[in-house]
Amino acid sequence: MNESKPRYTFDYNLLFIIFLFMLISGIGIYFAQQMGQYNENFVIKQLIWYILGLSFMAIIFIFDFEQIRKISPYLYGIGVLLLVVLMFSPEKIAPTIKGAKSWFVIPGFGSLQPSEFMKLLLILMLAKVIHSHKSHAESSGGLSSDFLLIVKIILTAAPPIVLVLLQDAGTAMVLSFISIGMLFVSGVNWKIILLFVFIGAGTLGMIIFIFLTSPARLLLVLDTYQLNRIYSWLDPFKYGSDIGYQLKNSLLTIGTGSIYGTGIGSELKINIPEAHSDFIFTIIAAKFGFLGASLVIGMYFLLIYRIVVIALSHKGEYETFIAAGVISLFTFHIFENIGMVIGLVPITGIPLPLLSYGGSSILAALLSLGVILNISAKTRVYMFGNDE
């Protein structure tokens, strides 16, 4: 008779990748603030945010996933409440910046963006909703059960998406992509998934048609600033002195990097607003060229790969759904941010995970990865046989 002795694993590879991103982030921000448009030391601030985020990651290990599942509705409720409070807060507490009212200003601390944390809270809540539905619907199943699950997912995701959409279309897109990604792994019949794909494609086609024929109608759902982003994306050099200034300069700066980059000692002469945050990839591509940029993209692939490995190695459905949500979160952020700085997609102001400067972004990303590391640490590996 074989005796199975479980041991618990911890993904040190993922933790090492996080530390590499911290190093690259500091280097990129250092070069960004050499451009002369900043008078603050963002590298030190970013390091502080990382240390704080890593500390929060350690705290996450106190909780097991049964506890996390129980408190997720309360955390979700707090997140939605903060978004409501943000909407009705006076300008002194929540100023409108670049057309978006997305931050609480905390004296002596800086700014806090609730929507960044709402991404993880939505993942936890959706994972609970999906897991609970599947646990109670195993005997019935069928299309009616799948449609009911879809309704539950929509009702859960709609409040934060609508609240965020009123101020920040980019973050609302992230929340929507998270919901769609978790729907895909929820076990819903593929025919229903295919129906939603066709609906999504049709909606996108209709939006493109409206933009080409009567763009003013898009102002019903977008503000002027967001619509101008689309114009600047389509022809950044035509609008290079105005709304296309960022994208035009980003493309020119990336072009100077060529294959090997301009080098550490060179000076970047093209001004790029938000170079240390939203456009940090532009700085990396300019300084270290195509090779350096490819290395960063390769690291992101490795990051996603490690999360996938952890998700597949875990037996619990709830934890797997959380991992799927985190994968969706990082995948969209990476594609959207890198895509916008190279002109592939419109500029949305979405930060590059683990690299862009920003306290809320760093804390939210590290908390998400802390949950993943918790999953890896509490995955049982048996020396003999399996756990079945």
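## As for the packing of helix α1 (residues 12–32) against helix α10 (residues 280–313)
Piece 1. For the pair α1 and α10, interaxial distance at closest approach is 11 Å and the crossing angle is 160°. In terms of orientation, α1 lies roughly antiparallel with respect to α10. Crossing of α1 against α10: the hand is left-handed. Two secondary-structure elements touch here, α1 through Asn13, Leu14, Ile17, Leu20, Phe21, Ile24, Ile27, Gly28, Ile29, Phe31 and Ala32 and α10 through Ile280, Ile283, Ile284, Lys287, Phe288, Val296, Met299, Tyr300, Leu302, Leu303, Arg306 and Ile310.

## Looking at the nonpolar core
Burial of nonpolar side chains together is a common tendency in soluble globular proteins.
Piece 1. Judged by nonpolar contacts, the single largest core of 99 residues is most densely connected at Phe21, Leu303, Ile322, Phe330, Leu354 and Leu355.
Piece 2. In terms of residues, this core owes the most to one element, α10, which gives 15 residues.
Piece 3. Those residues in contact with Phe330, other than ones at most four positions away along the chain, are Leu303, Ile304, Pro353, Leu354, Ala365, Ser368 and Leu369.

## Focus on the confidence of the model for the chain
Piece 1. In the predicted model, the chain carries a mean pLDDT of 85, and 91% of its residues have values of at least 70.
Piece 2. The least confident element of the chain is strand β1 (residues 6–8), whose mean pLDDT is 49; the most confident is helix α11 (residues 317–341), at 94.
Piece 3. In the predicted structure, residues 382–388 sits below a pLDDT of 50 and forms 11 contacts with residues beyond four places in sequence or in another chain.

## Let's talk about the layout of surface pockets
Piece 1. The computed volume of the second largest pocket comes to approximately 550 Å³.
Piece 2. Forming the walls of the second largest pocket are 20 residues, and the residues nearest its centre are Leu75, Leu120, Leu121, Leu124 and Leu367.
Piece 3. Looking at the lining of the second largest pocket, the elements with two or more residues in it are α2 (42–60), α3 (65–88), α4 (114–136) and α12 (359–377).
Piece 4. Counted by class, the lining of the second largest pocket contains 19 nonpolar, one polar and no charged residues.

## Regarding the side chain of Thr156
Piece 1. Mapped onto the fold, Thr156 is located in helix α5 (residues 142–165).
Piece 2. What makes Thr156 buried here is its relative accessible area of 10%.
Piece 3. Ignoring anything within four residues of it in the chain, the contact list for Thr156 reads Tyr76, Leu122, Met125, Leu126 and Val129.

## Some remarks on the packing of helix α9 (residues 245–257) against α10
Piece 1. Packing of α9 against α10 leaves a shortest axis separation of 6 Å and a crossing angle of 25°. Taken together, the axes of α9 and α10 are roughly parallel relative to one another. Like other packed secondary-structure pairs, α9 and α10 cross with a definite hand, here left-handed. Residue-level contacts link Ser250, Thr253, Ile254, Thr256 and Gly257 of α9 to Thr282, Ala285, Ala286 and Gly289 of α10.
Piece 2. Residue composition of the contact of α9 with α10, grouped by class: three nonpolar, six polar and no charged.

## Considerations on empty space enclosed by the protein
Piece 1. Applying the stated criterion across every chain yields a total of two cavities of 30 Å³ or more.
Piece 2. Here the largest cavity defines a volume of roughly 110 Å³.
Piece 3. Considering the residues around the largest cavity, the lining is formed by 13 residues, among which Glu116, Leu329, His333, Ser361 and Ala365 are closest to the centre.
Piece 4. Listed by contribution, the elements that provide at least two residues to the lining of the largest cavity are α4, α11 and α12.
Piece 5. A total of four residues in the lining of the largest cavity trace back to one element, the largest contributor, which is α12.
Piece 6. Here the residues of the lining of the largest cavity are counted per class, giving eight nonpolar, three polar and two charged.
Piece 7. Its boundaries defined by the atoms lining it, the second largest cavity holds a volume of some 90 Å³.
Piece 8. Lining the second largest cavity are Leu83, Leu86, Met87, Lys101, Ser102, Ser115, Leu163, Val164, Gln167 and Asp168.
Piece 9. Elements with a minimum of two residues in the lining of the second largest cavity: α3 and α5.
Piece 10. No other element matches α3, which puts three residues into the lining of the second largest cavity.
Piece 11. Looking at side-chain class alone, the lining of the second largest cavity contains five nonpolar, three polar and two charged residues.

Rules used in this analysis
- Residues numbered from 1 in each chain as written.
- Predicted model: local features only at pLDDT ≥ 70, side-chain atom pairs only at ≥ 80, totals over all residues.
- Heavy atoms only, no water.
- Axes fitted to C-alpha atoms, helices over the stretch in contact; angles between N-to-C directions.
- Helix = DSSP H or I, 4+ residues; strand = E, 2+ residues; numbered from the N terminus.
- Parallel < 35°, antiparallel > 145°, perpendicular 65-115°, else oblique.
- Left-handed = near helix turned anticlockwise from the far one by under 90°.
- Contact = heavy atoms within 4.5 Å.
- Core = buried A, V, L, I, M, F, W, Y, C linked by side-chain atoms within 4.5 Å.
- Buried < 20%, exposed > 50% of the residue type's maximum accessible area, 1.4 Å probe, protein only.
- pLDDT = per-residue confidence, 0-100.
- 1 Å grid on protein atoms, 1.4 Å probe; cavity = no way out; pocket = protein on both sides within 12 Å on 5 of 7 lines; lining within 4 Å.
- Points joined across faces, edges and corners; volume = space filled by probe spheres on them.
- Nonpolar A, V, L, I, M, F, W, Y, C, P; charged D, E, K, R; others polar.

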